[in-house]
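Structural overview for review
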Amino acid sequence: MKKTGLRIIFVLALCICIGSAGYLGYRVYHNMEQAKKEAMMKEMAESTTQEKISIEDLLDLEFNGERDGYTTPIPDDVFTKDSDKKINFEKLHEYNDELIAWIYVKGTKIDYPIARHEGEDQTFYLNYDMYKEPSYSGCIYMEDLNAADFTDNNTIIYGHNMRNGTMFKGLHQFEDMKFFEKNKYIYIYLPDRTLVYEIFASYITDDMHILSAYDFTNEKVYAEYLANITDPHVMGANVREGTQLTTDDTIITLSTCVGGQPEERYLVQGVLKYDKKNK
């Protein structure tokens, strides 16, 4: 009789365990499905928001060093599985033939196409995305004052300081000395080449137009500029120890805005260390 009672208790306990496990499984499944629905609804809402943006709305935005709003997603089909040739430029050019390169900054979310507009308005991609559609996030871009093949002594790349952490917001991570010391590389992918730059400096400066202020084809001017940026004398500036640059070096400058300080810019600069033709 005692054994029978124990069996009954065991069966009841087993049923409770199975029922609890089933209920837990149901709750996990339900929560996962709910999360999927919410993600889909959010994506639809963002897509709808994107469609309603006009260039007039964008031009009327108050500029305070940061920009709020939707960030245009990058299509998956532009990526390859080839480590030597990360981007399918034929596919990329189907979206926009002004997308001339791709930038990836190790340790950050920066992984975007670079546009170069040939028209009169060199700030075009501040307000237009990679599809040439009005966009809060714009597109990472260079001006036509720089050569599209990155052979200039100093190539300047611009991008928005997006509050949601996208575009060139990641440059501000280099304000932290530990992050600066650990993360060293900027990758530029071109249709025929891969360039790797070692980051040597990051600092705040004013909104001076660098390419207009300096003639980098003048060796003396370039030498003085290199001396200044490796010893910028700016509070909070980071410079990689042991960096020595000469006029034989080619550098890249990544520029974004500073939140709450619209007349200032945050720069991250690297020197070319690797230039390899793609297979």
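The sections below set out a description of the structure shown in this document. (Residues numbered from 1 in each chain as written. Predicted model: local features only at pLDDT ≥ 70, side-chain atom pairs only at ≥ 80, totals over all residues. Heavy atoms only, no water.)

**Details of the pattern of salt bridges**
Using the following cut-off: Salt-bridge detection follows one rule: a side-chain nitrogen of Lys or Arg within 4 Å of a carboxyl oxygen of Asp or Glu. Here a strand is any run of E in DSSP of at least two residues, a helix any run of H or I of at least four, and the numbering for each starts at the N terminus.
Taken as a whole and judged by the stated rule, the model has 8 salt bridges. Among the salt bridges present, the one from E66 reaches K169, with a minimum N-O distance of 2.7 Å. Here E66 is found in the loop between helix 2 (55-59) and helix 3 (89-95), whereas its partner K169 is found in the loop between strand 4 (154-158) and helix 4 (177-182), with 103 residues between them in sequence. A salt bridge links E94 to K91; its shortest N-O distance comes to 3.2 Å. One end of the pair is E94 and the other is K91, both in helix 3 and 3 residues apart, which spans about a single turn.

**What about a negative patch on the surface?**
The following threshold applies: Residues forming no salt bridge and having over 30% relative accessible area are the ones grouped into patches, like charges within 9 Å of each other and nonpolar side chains (Val, Leu, Ile, Met, Phe, Trp, Tyr) within 5 Å. Using a 1.4 Å probe, accessible areas were evaluated by the Shrake-Rupley method; residue-level cover was limited to the displayed protein chains. All tallies of charge rest on Lys and Arg as positive and Asp and Glu as negative; His and the ends of each chain are not included. To locate a charge, the coordinates of NZ of Lys, CZ of Arg, CG of Asp or CD of Glu are taken.
A contiguous patch of negative charge on the surface is contributed by E175, D176, E181 and E241. If you trace the backbone, E175 turns up in the loop between strand 4 and helix 4.

**Some points on the pairing of strand 9 (residues 261-277)**
Where we set the bar: Any two strands are treated as partners once DSSP identifies two or more bridges connecting them.
By the bridge criterion, 13 bridges tie strand 6 (residues 193-206) to strand 9 in an arrangement that is antiparallel. Its bridge partner lying in strand 9, T194 is registered against K276. Direction of pairing for strand 8 (residues 251-258) relative to strand 9: antiparallel, over a ladder of 8 bridges. Bridge pairing links V258 to Q261 in strand 9. If you look at the hairpin formed by strand 8 and strand 9, you'll find 2 residues sitting between the two strands, and G260 has a positive phi there, around 75°.

**Here we look at helix 6 (residues 219-229)**
Owing to its 3.6 residues per turn, the α-helix aligns residues three or four sequence positions apart on the same side. Put simply, the test is: Between buried and exposed lies partly exposed: a residue is buried under 20% and exposed over 50% of the maximum accessible area for its type, with that area taken using a 1.4 Å probe on protein chains only. The arc in question is the one traced by the directions running from the helix axis out to the C-beta atoms. A contact between two residues is defined here by any heavy atoms of the two lying within 4.5 Å. Nitrogen and oxygen atoms within 3.5 Å of one another constitute a polar contact, given that in protein one can donate a hydrogen and the other can accept it, and given that sequence-neighbouring residues count only through two side-chain atoms.
Those residues of helix 6 that sit buried are Y222, Y225, L226 and I229. One face of helix 6 carries all of its buried residues, which in axial projection span an arc of 100°. Looking at the buried residues of helix 6, the elements they touch are strand 4, strand 6, helix 5 (210-213), strand 7 (238-239), strand 8 and strand 9. Of the residues flanking the start of helix 6, the one acting as N-cap is N218, its side-chain oxygen 3.0 Å from the backbone nitrogen of K220.

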